[in-house]
Every structure is written in structure tokens, then in C-alpha cells.
Amino acid sequence: VVNERLARRYRRRLWAYPSGPRRDELLDTLLECAGPDRRRPTVGETVDLARHGLRARLGRPAGTAVVVFAALIAIATGFLGAAVANRLAWAAAPPLPSGAAADRLASTAFPGLPVWGGGDAPAFVRSGDGETIRYGYADYWVRHTPETRDVAAYTAGVRDRLAADGWRIGAEPAADPDAGTDGTRHRAFWATRDGLLLEYSASYWPGRPWYDPDGFVTFQLSHRENAATIAAAVAGGLLGALAGWLLTGWVSRRTEPHPGSGGGLGAAAVVALVLLSPTVFLSLNAVVGEPVVAPFWNGLATFAAAPAALSGMIAVLVLSVVGAGPLWRRVTAVLKRRPSAAVAVVAVTAVLAGAGWYRAADPAWAGRTCAPAVPPPARADPLSRVARVYVDVRSTPDQVNLIQAGIFGVLSTAIAFQRDPLTTEFREVYCGGARLPQAVGRTLPWYFTVWMSSPGVLPALEAEMRGRPGVVAVQRVPDPD
Amino acid sequence: MREPTFWILTALASAPRHGYGVIQEAGRLSGGRVTLQAGTLYAALDRLTAEGLVEPDRDEVVDGRTRRYYRLTSDGVAALDAETARMRADVDAATAQLAARRRFGLGPAGAQRTATSRPADGRRFGPPGVRRAAW
């Protein structure tokens, strides 16, 4: 009499094996070994079946190279899975403090002073040079008062007030060794609390002219990894590793009957793994004693993106060649029988591609002329960090200088201006690419583009620009990144 | 050759067997010392099949499930022969060493004493007489 319940439990464990007659053969052997009064598989059997089942999925039972490759590929795909899952989990991250919570934090750090900035930020932001990304942050800052200009003493006070409010101080206040020797005073520290990171920095630059800021007392508030994002990374990593192992096994078993296929596949795997390795190694590059400000998959979103994509292309190529082998043979067989069909397919594809390109062509080429509005409509995400300050064409050089000094008075990473109505950029801003008559363009306000440090800087920029002669409008615009 | 592999080839030497038959025979021949797990057995059978030492013999249907029997190939016989020859040479070498030891008057008691005093490392503690007697 077959013990049906035991058989069902064994069958579940046999999913570790690739489908095929081997599962039945093993089930038969396991039931014979089990004896009549066994109820459930032993732990030893479960481990043995999982281990040898995963090995059996790789095929090539006499080979060892395939196991090494499968393990390395599983590490790589596990990393990718962890990165994707972590990124997706961040989409559900709560916003940074705003309203009463932000006010409380601001008055704890800077009691009695008007505090600028605050608000929410995107989950991740790219540095100005595009070389790194980091967790999105909100800037909080105050302008100097006689009290804050004593940077060391004021910073010690901020540190003590935050520590009393439950913040864990990560590094005690210290001066930036790179701060200049021209009387510049500087102090920085960081602290953490409840999934938030606070990076404080205060600078005082004595001897600046009245229209330039003499430094800032500021902190950046950003999210840290939380239980949900870490759990997502672990789960994604395990799933990715399993997927990589199973795909490697699928490719290995499908190509097993072809002698010599192992060498080519091994070479492809080596190239793909080497291309992917910088991101994996970079993720281990945390510095002890410094706050973690970037996700572990930082490299994947920046400099290592191109080699990683190349690595993915190799994987897709191998998978499609292996998966579509029979299909490809059928297609080539048809083409050999009817070469005219091949010519027709190529011709139709070329015509369709050409038509698509024609439709996507420049609207200016289609002869459209625009009637520009001042300021031009801009539908920007409220978390965009880019703003434009529109300046009247009749403003004097002195007025322009003061506008520029005012822009320097808020936290920004870069500013640029565009005064030439003949440029593509100017035309894009006012007309979305349609034709802009030169006579009209010359009357339109030109503009500064300000890459603000964080989205919450805009109210401070608006306050600085309010009432300044020559300023026509201040506007948040979409971030081109 | 690892031990499970050796016992699988040994179990298949006298007759073709299916999975459970191999496990039983290996257990019996080793005096109950070797218990092969099913997963380990089939991983080894797959490897030995790929290496040409073992091949499927026949399929029998029992209780609606196919039971596959395996047999040694001539290469498998040669491999087992080579392995037993190697093991025999090992046994002969060890036996000769033990016989030489007894001839020099150390005898079984000497073996016991060396085991307690571990004289290969001269700095170990032990009764002085024993240390002199060893080696």
C-alpha cells in the first residue's frame, strides 16, 4: 500500500529536480526506502534532495565548471534582483518630514531663527556631474546672525539640542580639513534618528561684500534604508539568485547534446560576469565612520550602467539563441526555399522604419510657428530641483549682477543663463521646438537656470527675487534628468 | 574514487539493480556502515553514466511507476578493478608495516602504548618508560 501523504510530501521536495522521469524514479526509490510507517521525509532527505536537485538542474552531471559558473551567475543575478527590489521598495518610502514635524525639527536645531528650506525630496537624486546618485534630501538652513557666526560654539549647541531630542550623533562636530585658511570657519557632523539621516554643516566666510552671502548654517535631511527596503533587497536577492541558477541550468541542459557548446557558453559567461563585476564590488565600498548616503546599487545607476547593460545583452543573446534555436532553423529553412520572401521582409521593415522616423521628425520642420507666453507654461513635478528666473531684456548690467548675487544667496549646485533667442534651447523653452520668429524672440525675457540643492529651496529663491528690479518671474521647471 | 561511488559500482558488479536495490546492496556489503541517500545515489549514477561506467539496463513498471535498472559497463568493470587493485596495494603496504612492527618486538601492546603516549611528538607528556620504548 502506497502511503499517499508521504508520497505527496516527497513529490513537493522533488520540485528541486528538473521535470522528467527522474522525479518518478526518485519517488519510487524514496518510498521503497521509507518503509510502511513513515509519515514525513527526514531532514537529511530534504537537504539531500534540495542539494542534488539543484545540481541536477544544471545538467552535465560529470562537469564541475557548470557549477562554478552557475554559482557566480547566481551571485550576479542575486545582486541585480536585490537592486531592483530595493529600488521598487523605495517607491513606497514615506515622504520626508513636513508641516509640524519639520517645524519641530527646525526649531530644535535653530531655535528662534527664521529657517528656510525643508519639505520633501525624490527618493534618489543625481549629483551635478551625473557620476553618482544618493538618497534624496531636503536642505534646512538659516542665514548668519552674530550668534551663528561663532561657528564652533553655535554648532556645539545644535549638536547638544539634537542629542537631547533623541538624535544619535554619528560623528562629533569637526572642521573640514579642506576649509580655506582665509579666516573661513567651518564645522560639520552627522546624526541619525528613526530612519532619517541629518548631515549638518556650518560655514562662515568673513570679508564678503554686502550683496554676497557670508556662509550658511545648514543641514541636509535624507532617508536611510529601513526594514522594508532591506527586506525587499534580501527577498529580491534570493529570487534573483534562484532565477540565475535556473536559467543557467536551462541553457546548460538545452545545449548539453551539442558537443563543444560548453566552451562558447563559458566564454560568454566570463565576459558577462567581468562586465558586471565593478558594480558588485562597488557595493561593498562603504567607509566606516561615514554616513551611508547612496544605495548599494549606486554603480548600476551611474558609471557601471553601460557595462551592466552590455552584460545583460549577452545574457539575452545567449538565452534567445538557445531558446529560439529550432525556430531560427525553421526560418532559415523557409528563406532558403524562397529567397524572394526574405527580400520582401527586409523591404517592408525598411519602409515601416522610415515612416516612423518621418512622423517623429522635428515639429519646426513641419513649419509650425508659436505664439510665446511669458513666462512659458512649465508643468514641473513639485519635487523637481530646477528653477528658472526670467529677466527683462531691458534690465541694466547692475540689476543683472544683483539678481545673480541674490541667486547665490540660496543653496544651489549650479546656475547658468541663456540670453540668445536663436538657440535651440531658448526655442524649446518658449515654443516646445516650434519656430520662433527672431523679432519676437528678442523681446522675450531671457533666463537663469538654477539647479537648486533640493526642491524645498524654491520658496527661498522666490523670496530673494521678490521686488528685485529686472526679475519677471521665478518658476519651477521639469528636471531634464 | 569517493566512497559512495565505490559502493555503487560494487553493488552493481554482481547484477543490474534499480535505485533501492543499489542502496540495499551497498548497505549489506558494507555491513550496514554505508547508507546512501537517494539524491546522492542518483547524482552519482548520472555522473557515472556520463563517464560511461554505468548504463541503463531495463525498465520495469511497478505500481504504475517505472523502475529503471542500471548495470556496469565494461569500462565500469575496469574502473572497479583498478580501484580494488589500488586498495589492495594500500592494504598490503599497511599490513607489511604492521608485520614489521611486530617482528621488532613491539607487538600489539606496543601499538597500544604508542597510541596513549603519542610519541611522534616527543614533547607530549606521558610516563618516561613509555616514551623510551616508543620508536
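Just above sits the structure.
(A) Summary view of the overall build of chain B. Within chain B one finds 6 helices and 3 strands. Secondary structure elements of chain B occur, N-terminal to C-terminal, as α-β-α-α-β-β-α-α-α. Burial statistics for chain B: of 135 residues in total, 35% are counted as buried. Of the accessible surface of chain B, which amounts to about 8,200 Å², a share of 54% is contributed by carbon and sulfur atoms.

(B) Here's a closer look at the side chain of Asn298 of chain A. Residue and element names in this part refer to chain A. Secondary-structure assignment places Asn298 in helix H9 (residues 298–301). Only 3.2 Å separates the side chain of Asn298 from the backbone nitrogen of Ile133, close enough to count as a polar contact. Setting aside anything within four residues of it in sequence, one finds Asn298 in contact with Thr132 and Ile133.

(C) How the structure looks around the state of the cysteines. All names here are of chain A. Scanning the model with the defined rule gives 1 disulfide over all chains in all. Note on cysteine connectivity: Cys370 is disulfide-linked to Cys431, with sulfurs 1.8 Å apart. Of this pair, Cys370 sits in the loop between helix H12 (339–359) and strand E9 (386–391) while Cys431 sits in helix H14 (residues 424–431), placing them 61 residues apart in sequence. Here Cys431 falls in the buried class, since its relative accessible area comes to 9%.

(D) How the structure looks around the sheet that holds strand E10 (residues 412–418) of chain A. Residue and element names in this part refer to chain A. Taking strand neighbours across the sheet as the criterion, the 4 strands line up as E10-E11-E9-E12 in an open arrangement whose pairing is antiparallel. Looking at strand neighbours, the two that pair on one side only are E10 and strand E12 (471–477), the edges of this open sheet. Between one strand axis and the next, the sheet turns through 20° on average, direction left out of account. As paired strands, E9 and strand E11 (residues 446–452) are joined by 6 bridges and run antiparallel to one another. In the sheet register, Val386 faces E11, and the bridge partner there is Trp451. Each of E9, E10, E11 and E12 touches helix H13 (residues 397–408); the most contacted strand, E11, lies at about 15° to it. Contacting E9, E10 and E11, H14 crosses the sheet at an angle of about 90° to E11.

(E) Molecular detail of the packing of helix H4 (residues 65–90) of chain A against helix H7 (residues 227–255) of chain A. Residue and element names in this part refer to chain A. For the pair H4 and H7, the least separation of the axes is 5 Å and the interaxial angle reads 145°. Helix-helix and strand crossings are classified by hand; for H4 and H7 the assignment is right-handed. When the residues that make up the contact of H4 with H7 are grouped by side-chain class, the tally is 15 nonpolar, 11 polar and no charged.

(F) Looking closely at the environment of Ser283 of chain A. All names here are of chain A. Topologically, Ser283 is positioned in the loop between helix H8 (261–282) and H9. Along the backbone, Ser283 and Thr108 are 175 residues apart, and their C-alpha atoms lie at a distance of 35 Å. In contact with Ser283, other than residues within four places in its own chain, are Phe79 and Phe296.

(G) Highlighting the pairing of strand E8 (residues 215–223) of chain A. All names here are of chain A. When you tally the buried positions in E8, you get 8 out of 9 residues, the bulk of the element. Bridge count between strand E4 (residues 137–142) and E8: 6 bridges; the pairing is antiparallel. Looking at E8, one finds that Asp139 is bridged to Gln220. In this sheet, E8 lies alongside strand E7 (residues 196–204) in antiparallel orientation, the contact comprising 9 bridges. Considered in E8, the bridge of Glu199 is made with Gln220.

(H) Spotlight on the packing of aromatic side chains. Residue and element names in this part refer to chain A. In the structure shown here, the tally under the stated rule is 19 aromatic pairs over all chains. On the numbers, 5.8 Å between centres and 75° between planes, the contact of Phe79 with Phe296 is edge-to-face. Taken together, the residues span a long stretch of sequence, with Phe79 in helix H4 and Phe296 in the loop between H8 and H9 at a distance of 217 residues. Classification of Phe79 as buried rests on a relative accessible area of 9%. Between Trp210 and Tyr211, the ring centres sit 5.3 Å apart and the planes meet at 85°, which makes this aromatic pair edge-to-face.

(I) Broad picture of the pattern of salt bridges. In total, this model carries 26 salt bridges over all chains according to the counting rule given. The salt bridge involving Asp392 of chain A is made with Arg394 of chain A; its shortest N-O contact spans 2.8 Å. Looking at Arg394 of chain A, the relative accessible area reads 69%, which means it is exposed. Notably, a salt bridge pairs Glu55 of chain B with Arg71 of chain B, separated by 2.9 Å at the nearest N-O pair. Remark: Arg71 of chain B occurs in strand E3 (residues 65–72) and Glu55 of chain B occurs in strand E2 (residues 54–62); sequence separation between them is 16 residues. Taking relative accessible area as the criterion, Glu55 of chain B reaches 28% and is therefore assigned partly exposed.

(J) Region of interest: the nonpolar core. In this structure, Tyr10 of chain A together with Ile8, Leu12, Leu36, Leu41, Leu45 and Val54 of chain B are the most contacted members of the largest nonpolar core, which totals 33 residues. Breaking this core down by element, the ones donating at least two residues are helix H1 (4–13) and helix H2 (21–34) of chain A together with helix H1 (3–14), helix H2 (19–29), helix H3 (38–50) and E3 of chain B. In this view, Ile8 of chain B contacts Val22, Leu36, Leu41, Ala44, Leu45 and Leu48 of chain B; residues no more than four positions away in its chain are not counted.

(K) Highlighting the sheet that holds E2 of chain B. Residues and elements named next belong to chain B. A sheet is described by the order of its strands in space; here 3 strands give the open sequence E1-E3-E2, paired in antiparallel fashion. The strands lining the two open edges of the sheet, one partner per strand, are strand E1 (17–18) and E2. Bridge count for E2 against E3 is 8 bridges, and the pairing is antiparallel. If you follow Val61 over to E3, its bridge partner there is Thr66.

(L) Fine view of H2 of chain B. Residue and element names in this part refer to chain B. H2 sits mainly inside the fold: 8 of its 11 residues count as buried. Among the residues of H2, those classed as buried are Gly19, Tyr20, Gly21, Val22, Ile23, Glu25, Ala26 and Gly27. Gly31 sits one or two positions beyond H2 and adopts a positive phi of about 65°.

(M) Layout of a positive patch on the surface. Residue and element names in this part refer to chain A. Together, Arg5, Arg8, Arg12, Arg39 and Arg40 line one region of the surface with positive charge. For Arg39, the location among the structural elements is in the loop between H2 and helix H3 (43–56). Arg39 gets classed as exposed once you look at its relative accessible area, which sits at 52%.

(N) Examining the environment of Gly441 of chain A more closely. Residues and elements named next belong to chain A. Looking at the secondary structure, you find Gly441 in helix H15 (residues 438–441). With relative accessibility at 3%, the residue Gly441 sits in the buried group. Put simply, Gly441 and Asp420 are 21 residues apart on the chain and 8.6 Å apart in space, counted from C-alpha to C-alpha. Other than its neighbours up to four places away in sequence, Gly441 contacts Pro421, Phe426 and Leu436.

(O) Region of the structure containing helix H5 (residues 99–109) of chain A. Residue and element names in this part refer to chain A. All of the buried residues along H5 are Ala102, Leu105, Ala106, Thr108 and Ala109. Considered in projection along H5, the buried side chains sweep an arc of 160° and stay on one side of the axis. Summarising the geometry of H5, the exposed residues directed more than 90 degrees from the buried face are Ala100 and Asp103. The inward-facing, buried residues of H5 abut E4, helix H6 (151–164), E7 and E8.

What counts, and at which threshold
Throughout this description, residue numbers start from 1 for each chain and increase along the sequence as written. Note on labels: chains are lettered from A, ligands numbered from 1, in written order. Two thresholds apply to this predicted model, a pLDDT of at least 70 for residue-level local features and 80 or more for giving and counting side-chain atom pairs, whereas whole-chain, interface and lining totals are computed over all residues. To get the side-chain values, all heavy atoms of the structure are used, and hydrogens and water are removed first. Numbered from the N terminus, helices here are DSSP runs of H or I no shorter than four residues, and strands are runs of E no shorter than two. With a 1.4 Å probe rolled over the protein chains alone, any residue whose accessible area is under 20% of its type maximum counts as buried; one over 50% counts as exposed, and the rest are partly exposed. Methods summary: accessible areas were calculated by the Shrake-Rupley approach with a probe of 1.4 Å, and residue burial reflects only the protein chains presented. We define a polar contact as two N or O atoms separated by no more than 3.5 Å, with the added condition that, inside protein, one atom must be a possible hydrogen donor and the other a possible acceptor, whereas residues neighbouring each other in sequence contribute only through side-chain atom pairs. Note on contacts: a residue pair is in contact if any heavy atoms of the two residues lie within 4.5 Å. Cysteine sulfur atoms that come within 2.5 Å of each other are treated as a disulfide pair. Note on pairing: two strands pair once DSSP finds at least 2 bridges between them. Helix axes use the C-alpha atoms of the stretch in contact, all axes being lines fitted to C-alpha atoms, and the angles between their N-to-C directions lie in the range 0 to 180 degrees. Crossing handedness follows the turn of the near helix against the far one: under a right angle anticlockwise gives a left-handed crossing, and clockwise gives a right-handed one. Polar here means any residue outside two lists: the nonpolar Ala, Val, Leu, Ile, Met, Phe, Trp, Tyr, Cys and Pro, and the charged Asp, Glu, Lys and Arg; Gly therefore counts as polar. Centres within 6.5 Å make a pair out of two Phe, Tyr or Trp rings, where for Trp the six-membered ring is used; the pair is then stacked when the planes are under 30 degrees apart, edge-to-face when over 60, and tilted otherwise. Put simply, a salt bridge is a Lys or Arg side-chain nitrogen that is within 4 Å of an Asp or Glu carboxyl oxygen. The set of buried Ala, Val, Leu, Ile, Met, Phe, Trp, Tyr and Cys residues whose side-chain atoms join them within 4.5 Å is what this entry labels a nonpolar core. Patch membership requires over 30% relative accessible area and the absence of a salt bridge. Like charges are linked within 9 Å, and nonpolar side chains (Val, Leu, Ile, Met, Phe, Trp, Tyr) within 5 Å. When charges are counted, Lys and Arg are positive and Asp and Glu negative, with His and the chain ends excluded. To locate a charge, the coordinates of NZ of Lys, CZ of Arg, CG of Asp or CD of Glu are taken. The arc in question is formed by the directions pointing from the helix axis toward the C-beta atoms.

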